[in-house]
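# Coordinate analysis (summary)
Residue-level listing of the chains:
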Amino acid sequence: AVVSTQSTGRMMLEAANVPDGCYLVRESKNRLGQFSIDLKFNLTVKHIKIVYNEGLRTYYLAPSKTFPSISELITHYQRCSLSSVFRDLDTKLLVPYRCLPGS
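First, a word on scope: everything that follows refers to the structure included in this document. For every chain, the first residue of the written sequence is number 1, and numbering continues from 1 onward in sequence order. The predicted origin of the model limits local features to residues at a pLDDT of at least 70 and limits the giving and counting of side-chain atom pairs to 80 or more, whereas totals for whole chains, interfaces and linings rest on all residues. Each side-chain value is worked out from all heavy atoms of the structure, with water and hydrogens disregarded.

### Concerning the overall build of the protein
So the rule is basically this: Put simply, DSSP marks the helices as runs of H or I at least four residues long and the strands as runs of E at least two long, and each gets a number from the N terminus on. Per-residue accessibility takes into account occlusion by the displayed protein chains alone, with areas from the Shrake-Rupley method and a 1.4 Å probe.
Along its length, the protein carries 2 helices and 6 strands. For the protein, the sequential pattern of α-helices and β-strands runs α-β-β-β-β-β-α-β. For the protein, the accessible area works out to roughly 6300 Å², and carbon and sulfur atoms hold 50% of it.

And the structure:
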C-alpha cells in the first residue's frame with residue numbers, strides 16, 4: 001500500500017518517540033514508481049522528492065550529486081548533512097522510521 005504525505009507526517013509528529021532526523025522512504029502516491037523521503041526536523045515533517053534521471057539512470061535530491069540507487073543516496077545522507085542540498089536542513093538521515101521501538 002502506498003502511504004500518503006499526510007499520513008506519514010501525522011504518524012511522525014504524533015508519536016512521542018520520533019526524534020529529529022527520523023526518516024521514511026515511500027513511494028509517491030501521485031507519481032507511481034517515484035519516491036520521496038519524509039523527514040522529521042524541527043517539529044515538522046519535510047517531504048523531499050527523490051528525482052530519477054531515466055537517461056543517466058541516476059537518483060538525486062539535487063542534480064549536482066547523483067547516485068546509482070536510492071539505497072546509495074540514503075547511505076550518503078546518513079553520513080552527510082542535507083544542508084549541502086537544502087541550506088536550512090542541517091541534519092542527516094539518522095533513524096529509519098521502521099526501526100523505532102513500537103513502530
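### Here we look at unusual backbone geometry
For residues other than glycine, phi is negative in most cases, and the peptide bonds are mostly trans. In this model, Asn42 sits at a positive phi of 50°, which is unusual for a non-glycine residue. Assignment of secondary structure puts Asn42 in the loop between strand 2 (35-41) and strand 3 (44-53).

### Notes on the side chain of Lys40
The following threshold applies: Per-residue accessibility, obtained with a 1.4 Å probe over protein chains only, is compared with the maximum for each type, and a residue is labelled buried under 20%, exposed over 50%, and partly exposed between these values. Charge assignment: positive for Lys and Arg, negative for Asp and Glu; neither His nor the chain ends contribute. By convention in these notes, a salt bridge is any Lys or Arg side-chain nitrogen within 4 Å of a carboxyl oxygen on Asp or Glu. Definition of a polar contact: a pair of N or O atoms within 3.5 Å, with one able to donate and the other able to accept a hydrogen when the atoms are protein atoms, and with sequence-neighbouring residues admitted only if both atoms are side-chain atoms. By definition, residues are in contact when any of their heavy atoms lie within 4.5 Å.
Topologically, Lys40 is positioned in strand 2. Here Lys40 is buried and forms no salt bridge, its nearest opposite-charge partner Asp20 lying at an N-O distance of 5.1 Å. Looking at Lys40, its side chain comes within polar contact range of the main-chain oxygen of Val18, at 2.6 Å. Residues within four places of Lys40 in sequence aside, it is in contact with Met12, Leu13, Val18, Pro19, Asp20, Gly21, Cys22 and Val45.

### Observations regarding the nonpolar core
This is how it is decided: In this text, buried Ala, Val, Leu, Ile, Met, Phe, Trp, Tyr and Cys residues form a nonpolar core when linked through side-chain atoms within 4.5 Å.
With 15 residues, the main nonpolar core has Ile37, Leu61, Leu73, Leu82 and Leu93 as its most contacted residues. When residues of this core are traced back to their parent elements, those giving at least two are strand 2, strand 3 and helix 2 (70-79). When residues in this core are grouped by element, the largest group, 4 residues, is from helix 2. The contacts of Leu61, once residues within four sequence positions are left out, are Ile37, Ile48, Lys49, Ile50, Leu73, Tyr77, Leu82, Val85 and Phe86. Core analysis: the second largest hydrophobic core is formed by 6 residues, Val18, Leu24, Val45 and Tyr97 among them.

### Topic: the pairing of strand 3
Formally: Only strands joined by at least two bridges in the DSSP assignment are considered to pair.
Examined bridge by bridge, strand 2 and strand 3 share 7 bridges and lie antiparallel to one another. Bridge pairing in strand 3 links Phe41 to Thr44. Judged from the 3 bridges that link them, strand 3 and strand 4 (residues 58-62) form a sheet pairing that is antiparallel. Of the residues in strand 4, the one forming a bridge with Tyr52 is Tyr59. Connecting the antiparallel pair strand 3 and strand 4 is a turn made up of 4 residues, with Arg57 showing a positive phi of about 55°.

### Some details on the pairing of strand 1 (residues 22-27)
Bridge count between strand 1 and strand 6 (residues 95-96): 2 bridges; the pairing is parallel. The residue bridging Cys22 from the neighbouring strand is Val95, located in strand 6. In the sheet, strand 1 pairs with strand 2 via 5 bridges, with the strands oriented antiparallel. Residue pairing in the sheet places Tyr23 in a bridge with Leu39 of strand 2.

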